[in-house]
Amino acid sequence: MPERSVIAAIMVAMTDFSPFNVKDEFKTLEVEDIKSHQQNISIPYSIAMYNVIKDFNLASVVRNVCAFGLKSIYIVGNRHWDRRGAVGAQHYVEIIHVKDFNELLEIFGEDHLIGLELPEHYPAQQDEFIPLNKFRWQENSCILLGEENSGIPEDHLSKLRNKVYINQPGVMRSLNAATASGIAMYDMLVKWSDYGYV
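Residues numbered from 1 in each chain as written. Predicted model: local features only at pLDDT ≥ 70, side-chain atom pairs only at ≥ 80, totals over all residues. Heavy atoms only, no water.

(A) Region of interest: the overall build of the protein chain. Along the protein chain, the regular secondary structure elements total 6 helices and 7 strands. Helices and strands in the protein chain line up, N terminus first, as α-α-β-α-β-β-α-β-β-β-α-β-α. Relative to its full complement of 198 residues, the protein chain shows a buried share of 42%. Partitioning the contacts of the protein chain with sequence separation of at least 6, the portion at a separation of at least 24 is 79%. As presented, the protein chain carries roughly 11000 Å² of accessible surface, and 51% of it is formed by carbon and sulfur atoms. (Helix = DSSP H or I, 4+ residues; strand = E, 2+ residues; numbered from the N terminus. Buried < 20%, exposed > 50% of the residue type's maximum accessible area, 1.4 Å probe, protein only. Contact = heavy atoms within 4.5 Å. Areas by Shrake-Rupley, 256 points an atom, 1.4 Å probe, with all protein chains shown as cover.)

(B) Layout of the sheet that holds strand 1 (residues 43-51). Strands sit in the order 3-2-1-6-4-7-5 across an open sheet of 7 strands; the sheet is parallel. Each edge of the open sheet carries a strand with a single partner, namely strand 3 (94-98) and strand 5 (129-131). Across the sheet, the mean angle separating the axes of adjacent strands is 30° when strand polarity is ignored. Taken together, the 3 bridges between strand 4 (residues 113-116) and strand 7 (residues 162-165) define a ladder with parallel strand orientation. Considered in strand 7, the bridge of G115 is made with K163. Contacting strand 1, strand 2 (70-77), strand 3 and strand 6 (142-145), helix 3 (residues 58-68) crosses the sheet at an angle of about 160° to strand 2. (Pairing = 2+ DSSP bridges. Axes fitted to C-alpha atoms, helices over the stretch in contact; angles between N-to-C directions.)

(C) Structural detail: the environment of Q138. Among the structural elements, Q138 can be located in the loop between strand 5 and strand 6. Judged by its relative accessible area of 33%, Q138 is partly exposed. For the pair formed by Q138 and P44, sequence separation is 94 residues and the distance between their alpha carbons is 9.1 Å.

(D) Inspection of the nonpolar core at higher detail. Ranked by size, the top nonpolar core spans 36 residues in total, and within it I47, V61, L70, L116, W137 and I143 carry the most contacts. Residue assignment for this core shows that the elements contributing at least two residues are strand 1, helix 3, strand 2, strand 4, strand 6 and helix 6 (177-195). What L70 contacts, discounting residues up to four positions off in sequence, is S42, I43, Y45, S46, I47, V65, M185 and M188. In this structure, L105, L113, C142 and L157 belong to the second largest nonpolar core, which totals 17 residues. (Core = buried A, V, L, I, M, F, W, Y, C linked by side-chain atoms within 4.5 Å.)

(E) Structural context of the packing of aromatic side chains. Per the stated rule, a full pass over the model turns up 6 aromatic pairs. A ring pair is formed by Y45 and W137, whose centres lie 6.5 Å apart and whose planes are at 55°; its orientation type is tilted. Highlighted residues: Y45 in strand 1 and W137 in the loop between strand 5 and strand 6, separated in sequence by 92 residues. Three or more aromatic residues joined by ring pairs form one cluster here, namely Y45, F135, W137 and W192. (Phe/Tyr/Trp six-rings, centres within 6.5 Å; stacked < 30°, edge-to-face > 60°.)

(F) Representation of the pattern of salt bridges in the model. Summed over the entire model, instances satisfying the criterion amount to 6 salt bridges. Between E128 and K163 there is a salt bridge, with the nearest N and O atoms lying 2.7 Å from each other. Placement of E128 in the loop between strand 4 and strand 5 and of K163 in strand 7 is noted, with a sequence separation of 35 residues between them. Relative accessible area serves as the criterion here: at 1%, K163 is assigned to the buried category. (Salt bridge = Lys/Arg side-chain N within 4 Å of Asp/Glu carboxyl O.)

(G) Just the side chain of S141, in detail. Tracing the sequence through the fold places S141 in the loop between strand 5 and strand 6. In this structure S141 comes out as buried when scored by relative accessible area, which is 1%. What S141 contacts, discounting residues up to four positions off in sequence, is P44, Y45, S46, H112, I114 and M188.

The following block contains the structure:
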């Protein structure tokens, strides 16, 4: 039986060269043509996620960016991440690496970088959070996601004017980052498509 490292290498190779998990009409196109189409239909929003300790669910967030048609994803911290869970999406979306939060803040500013978190984890800032369904996205906004288990550092979140949360009436404490990102991206897409507001 092949060693795990060999199997992993084969999976990465498949992810790197196969246009799978795209819609049927794109399967015969070159990667650059698919990427060009993705950029042409993208909505003017981005997402950012920390990659400092572990890259849990980062690949799934990249996949969500491709599915919901966001303009780009910013990876904050380490450049290396396990691409297998992205199933090729990394070839079709713009991925931008920034070294730290301050660089990201300089790009978007405190008004356009929006923290997505659970208010109860930040008692001192709890009153500043807005429910996602009531939030109005400005054009060229960027959602900021924390890493799994650690979230957004409190001192970073405090520098943002806008903080949103996803209402969760059930008994579970939280969602994983990929699920939360998908809900937020869908909210962006629906509001942009239905209202086109900025």
